[in-house]
Amino acid sequence: MLVSLTFDVEQDCPPYLSTTRGMEEGLPKILDLLEEKGVRGTFFFTARMAREYPHLVRRVVDEGHELGSHAYNHERLDRLSKSDAERAVKKSLTVLREFGDVVSFRAPNLQLPSWLYGVLNENGVLVDSSAARYKGYLEGVHYVNGVLEVPASVTSSVLRLPWSIQRAIHSHLREPRVYFAHPWEFVPMGGVRFDCRFNTGNKALLLLERLIDHYKRENVKFLLIGEYPGIFADVESAKG
């Protein structure tokens, strides 16, 4: 079984807040937990957060995690003109590649216009994880205009549900199981809508730990998003 832990690194619960407690408090907690468990994850940074917190980007890279792009400033790419959307993608890659190789992308709000696959391909992005099974995406892992699409399995708030409910959900997910969360979810959120504050803070961290322990007991393979093109090629070759 293939499992991926991914994190969309952005300001707190956009567009409702502009604070960055998740960067200052939440992201270090995530990294500490992954280091303790010996598990690597993919971190999709907005370029703005990378510029404001370069030491955290360097920590992500130095500790063996994957650095991916989450656009420039968490702008909804599907609501921009084609030129502005393309510019946001290119600017994000330019900033993030100052810290290391970047071959993976996830659109803010998991809304990627289909024409942008070509732009990603032209700019050296090998794999995208913007499609979402929980939004009705039925395709499996497959190529779109030269970019491998690896869909997310469930929305991030699922990882904050009580474990008894979560476990039933996890058991019915198709492979690969691709999870995502945000650093702000690991800081107590207040003064914002319910889904942005439910079980945030230490509760969320304990539930993430439980998820990791659950899969480690099952001896799954934790995969970075950027590793899927190689895995997919091997599978297709075996079929042939």
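The notes below deal with the structure included here. The shown structure was predicted, so the numbers you read here are calculated from the model rather than taken from an experiment.

## Considering the layout of surface pockets
1) Next: The space that makes up the largest pocket amounts to roughly 530 Å³.
2) Next: Lining the largest pocket are 27 residues, with Pro14, His74, Asn109, His182 and Arg193 positioned closest to its centre.

## Let's talk about the nonpolar core
1) Next: One finds Leu5, Phe43, Phe45, Leu77, Phe105 and Tyr179 to be the most contacted residues of the largest nonpolar core, which totals 58 residues.
2) Next: With seven residues, helix α7 (residues 202-217) is the single largest residue contributor to this core.
3) Next: Other than its neighbours up to four places away in sequence, phenylalanine 43 contacts Phe7, Val9, Leu27, Ile30, Leu31, Leu34, Val60, His65, Glu66, Leu67 and Gly68.

## Quick word on the side chain of aspartate 8
1) Next: Here aspartate 8 shows up in strand β1 (residues 2-9).
2) Next: Residue aspartate 8 is classed as buried on the basis of its relative accessible area of 2%.
3) Next: At 2.8 Å, the side chain of aspartate 8 forms a polar contact with the side chain of arginine 106.
4) Next: Once residues lying within four places of it in the same chain are set aside, the contact partners of aspartate 8 are Phe44, His70, Arg106, Leu110, Phe180, Ala181, His182 and Pro183.

## Quick look at empty space enclosed by the protein
1) Next: Following the criterion strictly, the structure yields one cavity of 30 Å³ or more and no others.
2) Next: Approximately 50 Å³ is the volume found for the largest cavity.
3) Next: Forming the boundary of the largest cavity are Ser156, Leu159, Arg160, Ala181, Glu185, Phe186, Ala204, Leu207 and Leu208.
4) Next: At three residues, the largest contribution of residues to the lining of the largest cavity is made by α7.

## Things to note about helix α6 (residues 163-170)
1) Next: All of the buried residues along α6 are Trp163, Gln166 and His170. Viewed end-on, α6 has its buried residues packed into an arc of 55°, placing them on one side of the element.

## A word on the packing of helix α1 (residues 21-37) against helix α3 (residues 54-62)
1) Next: The N-to-C vectors of α1 and α3 enclose an angle of 10°; their axes lie 11 Å apart at closest approach. What the angle tells us is that α1 and α3 run roughly parallel. Between α1, through Met23, Leu27, Pro28, Leu31, Asp32 and Glu35, and α3, the contact on the second element is made entirely by Leu56, Arg59 and Val60.

Conventions used here
Residues numbered from 1 in each chain as written. Predicted model: local features only at pLDDT ≥ 70, side-chain atom pairs only at ≥ 80, totals over all residues. Heavy atoms only, no water. 1 Å grid on protein atoms, 1.4 Å probe; cavity = no way out; pocket = protein on both sides within 12 Å on 5 of 7 lines; lining within 4 Å. Points joined across faces, edges and corners; volume = space filled by probe spheres on them. Core = buried A, V, L, I, M, F, W, Y, C linked by side-chain atoms within 4.5 Å. Buried < 20%, exposed > 50% of the residue type's maximum accessible area, 1.4 Å probe, protein only. Helix = DSSP H or I, 4+ residues; strand = E, 2+ residues; numbered from the N terminus. Contact = heavy atoms within 4.5 Å. Polar contact = N/O pair within 3.5 Å; in protein donor to acceptor, adjacent residues only side chain to side chain. Arc of directions from axis to C-beta. Axes fitted to C-alpha atoms, helices over the stretch in contact; angles between N-to-C directions. Parallel < 35°, antiparallel > 145°, perpendicular 65-115°, else oblique.

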